[in-house]
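Summary of the model geometry
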Amino acid sequence: MFESSCQFAFFDYFRVPYAVRPAVAPGAGAGAPVPVHRLAVSGPPEDGPRALLWPAAPGRAARRPGRYRLAGFTFFGHVAAGPAVRGTLDQLGREWHVTEEICDAAGDPCAAVWRDGTGSVFLPFDPAEVMREFWSEGYRQIGRPAVARYGRAAILRGYYLLRPVMPRRLQLRLRRSYTRVQDRATFPQWPVEDSLHRFYAWLFDLLVTLAGRPVPFIDPWPDGRSWALVLTHDVETDAGCRDIDLLRAPERALGYRSSWNFVPLRYRVAEDTLRGLRDEGCEVGVHGLRHDGRDLGSRRLLASRLPQIREYADRWQAAGFRSPATQRHWELMPSLGFDYDSSYTDTDPYEPQPGGCCSYLPYFNENMVELPITLAQDHTVFSILQNPDAEVWLAKARFLREHHGMVLVLSHPDYAHDPRLAGGYRSLLESCRGDDTVWQALPREVAAWWRERAQSTVRRAGDGWRIEGPASARGRIRFADGTSLPGRPPAAGSAEPAAQARKS
Ligand SMILES: [Zn+2]
C-alpha cells in the first residue's frame, strides 16, 4: 500500500503496513535546497504516483525549532519556510499550491502544507520530530532562553532539596501560590490537551486521501476493547502503608485490580503487605529510592543509585517505575532498566516539574514503554486546586473513553482520609463498572500488550488483512477512513467489511 524512503515513525506507531525502500528516496535530487523523504502510494495508481514528502534534515530546513499552529492543533519542531521550500518544490516539479497555512507562535502565517496536481503533499516538517517533541516534552525547551531554563532548574533543585524538611502546610502554600504562575501557561492546556491526537487524526486523514482508500492499523487495545482503565497508587509514607485499604477496599468490592508503588528506603515495606497485594492480583512497583527528588538529578547520581533500585525491583518482582514528584528525564528513563515507566503525565501544569507528553496512549522511549498518567493527581485536584468533588476526574475519564484512550489514574492512600478523595475515587470506580468496552488492566499488562503490538504487522490476506506476530490472537485491525472528526483519534475509523475475514 505504501513505500517509504525511510522508517516512517507515524506508521510504526500505529502499525500501518508499509515497506521501506531507500530506492524511492531521490526525489529532490542531490542539488535540492532541502533533501526530502518520500512516502509513496504503491500499486497501480489511476492518476499518477502520489506521495507524501517532507524534509529529510529538519535542522537544514529551518534554523531553530519553534511552536506552530496548524488545522486547530499546536505542534513543535523545525518548519521549513521561504525560498528553501520554493526551491525544493520547483525541483519536485508539478504546479504546487498551498492547501493549509501554518502559523507561528504569534499567530502569523509563516509556512504551509502544499499539494500538487497529482495529489502529492509536501509537509514542511518531519512528523517523527513532531511526535518526539510531544512525547519527550522536548517542546518545553523551545523558545525559552537558556538562562530561564537554568534558573528554573535551580529553583526546582532547591524545592526538592528543601521539601523533606519543609512542613507540609508550607509546601501546600507554596504549591497553591505557584498555581497562579502555572495558570498562565498556554500549553499544554489542562485538564485536556488534545493537540497530539488532533495531529494524528489530521495526518491519518491526509494519508487516507493520498491512498484513496481506508488505511488499516492495529487497534491500541486488545480483545475488542475500546479503551483502557489503569489504577495506580504511590505510597508516600509509613502512614500510607497502613492506610492502603482506604483505596484498596472499594476496588476489591467492585472487582478491580491495581498497582502499588513503594519507596524502598523511606519506610519499612512489610513483605506481608506486598504478598497480600500480589495474592489479590495486584502489582507492586518502585517509587524512587528515597523519595527525595534526586534519583534522576544527574547521570552520576542515577548510576550510584541504580544498583539499589534494581535490587528492590528484583526483590519485589517489580516491572514498573514511578518517579517521586513525577521527576523525569527523557534520556535517563530507559537506563532505569524497568519494563515500563509511568512518570509522565499527559498534561499537568501544576506539578513541580510541569509539562505533559500530551499522549493518552502508551508509547516507547527506546526500549521502555511509557504509560502516561492521564487523570490529574488526587493531590492536585483536592489539595492544591481544592475541588469539592471528583468531577474533573469523571469528565476527563468520559473524554478518554470517547477518544479510545487510556485512563491512568494515580492516587495516594496517604491522602485518602480526605473524604473528597475517598468519595471521588469510589465514584470514578463506579462510573466504569459494568462497562464491557473497557480493558481494566495492570500497568505491566498494558506494557506487555504494547510490546506485542509493536512486534506485530498487518499483512494482506486475500481480499482483506490480518495481523501477523504476537498480537495476532488478541489484536484487532481498524481502518482510518478519512471521515475522522478533528480531535477524534483514528481508532474511531469504521471497520472495512474485509476486516471481518482478517484471520483466515
Ligand atoms: Zn510520591
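As a starting point, this report considers the structure included with it. All of these numbers come straight from a predicted model, not from anything done at the bench.

Observations regarding helix H4 (residues 127-135)
The buried count for H4 comes to seven of nine residues, which makes it a mostly enclosed element. Those residues of H4 that fall on the buried side of the exposure criterion are Pro 127, Glu 129, Val 130, Met 131, Glu 133, Phe 134 and Trp 135. Capping the start of H4, Asp 126 holds a side-chain oxygen 3.0 Å from the backbone nitrogen of Ala 128, two or three residues further along.

With respect to the packing of helix H9 (residues 244-254) against helix H14 (residues 419-432)
Between H9 and H14, whose axes approach to 10 Å, the crossing angle comes to 20°. Between H9 and H14, the angle falls in the class roughly parallel. Crossing angle aside, the handedness with which H9 passes H14 is right-handed. In this structure, H9 uses Leu 247, Pro 250, Glu 251 and Leu 254 to contact H14, whose residues at the interface are Tyr 425, Arg 426, Leu 429 and Glu 430. Among the residues forming the contact of H9 with H14, the class breakdown is five nonpolar, no polar and three charged.

Details of the nonpolar core
Formed by 131 residues in total, the largest nonpolar core has its most connected members in Leu 52 and Phe 262. By residue number, the principal contributor to this core is helix H7 (residues 195-211), which donates 11 residues. If you look at the next biggest cluster of nonpolar residues, it comprises 12 residues, including Ala 61, Leu 92, Trp 96 and Phe 122.

Notes on unusual backbone geometry
For the peptide bond that leads from Phe 187 to Pro 188, omega is -5°, which places it in the cis range. Looking along the chain, the bond that leaves Trp 190 and enters Pro 191 is cis, with omega of 5°. The phi dihedral of Ala 325 falls on the positive side, at around 55°, and the residue is not glycine. Tracing the backbone shows Ala 325 in the loop between strand E14 (320-321) and strand E15 (340-341). Here Ala 325 falls in the buried class, since its relative accessible area comes to 15%.

Some remarks on the coordination of the zinc ion
Those donors, Glu 236 (OE), Glu 236 (OE), His 287 (NE2) and His 291 (NE2), are the protein atoms that reach the zinc ion, and they lie 2.1 to 2.5 Å from it. Of note is the zinc ion, whose four donor atoms meet at the metal with angles of 56 to 149° in an arrangement that counts as irregular. Motif for the zinc ion, donor spacing along one chain: E-x50-H-x3-H. Classification of His 287 as buried rests on a relative accessible area of 1%.

Comments concerning the packing of aromatic side chains
Summed over the entire model, instances satisfying the criterion amount to 43 aromatic pairs. Between Phe 76 and Phe 134 the ring centres are 6.1 Å apart and the planes differ by 80°, which places this aromatic pair in the edge-to-face class. Of this pair, Phe 76 sits in strand E6 (residues 73-77) while Phe 134 is found in helix H4, placing the two residues 58 residues apart along the sequence. In this pair, the class of Phe 76 matches that of Phe 134, namely buried. Relative to Trp 316, the ring of Phe 262 has its centre 6.2 Å away and its plane inclined at 75°; by these criteria the two rings are edge-to-face. One end of the pair, Phe 262, is in strand E12 (residues 259-262); the other, Trp 316, is in the loop between helix H11 (299-315) and E14, with 54 residues separating them in the sequence. We classify Phe 262 as buried; its relative accessible area is 0%. Overall, the relative accessible area of 4% leaves Trp 316 in the buried class. Here Arg 328 stacks its cationic end above the ring of Tyr 344, 5.6 Å away from the centre of that ring.

Rules behind the numbers
- Residues numbered from 1 in each chain as written.
- Predicted model: local features only at pLDDT ≥ 70, side-chain atom pairs only at ≥ 80, totals over all residues.
- Heavy atoms only, no water.
- Buried < 20%, exposed > 50% of the residue type's maximum accessible area, 1.4 Å probe, protein only.
- Helix = DSSP H or I, 4+ residues; strand = E, 2+ residues; numbered from the N terminus.
- Polar contact = N/O pair within 3.5 Å; in protein donor to acceptor, adjacent residues only side chain to side chain.
- Axes fitted to C-alpha atoms, helices over the stretch in contact; angles between N-to-C directions.
- Parallel < 35°, antiparallel > 145°, perpendicular 65-115°, else oblique.
- Left-handed = near helix turned anticlockwise from the far one by under 90°.
- Contact = heavy atoms within 4.5 Å.
- Nonpolar A, V, L, I, M, F, W, Y, C, P; charged D, E, K, R; others polar.
- Core = buried A, V, L, I, M, F, W, Y, C linked by side-chain atoms within 4.5 Å.
- Donors = N, O, S within 2.8 Å, 3.2 Å for Na, K, Ca; no water.
- Tetrahedral: all angles 85-135°; square planar, octahedral: opposite > 155°, others 65-115°.
- Phe/Tyr/Trp six-rings, centres within 6.5 Å; stacked < 30°, edge-to-face > 60°.
- Lys NZ or Arg CZ within 6 Å of the ring centre and 35° of its normal.

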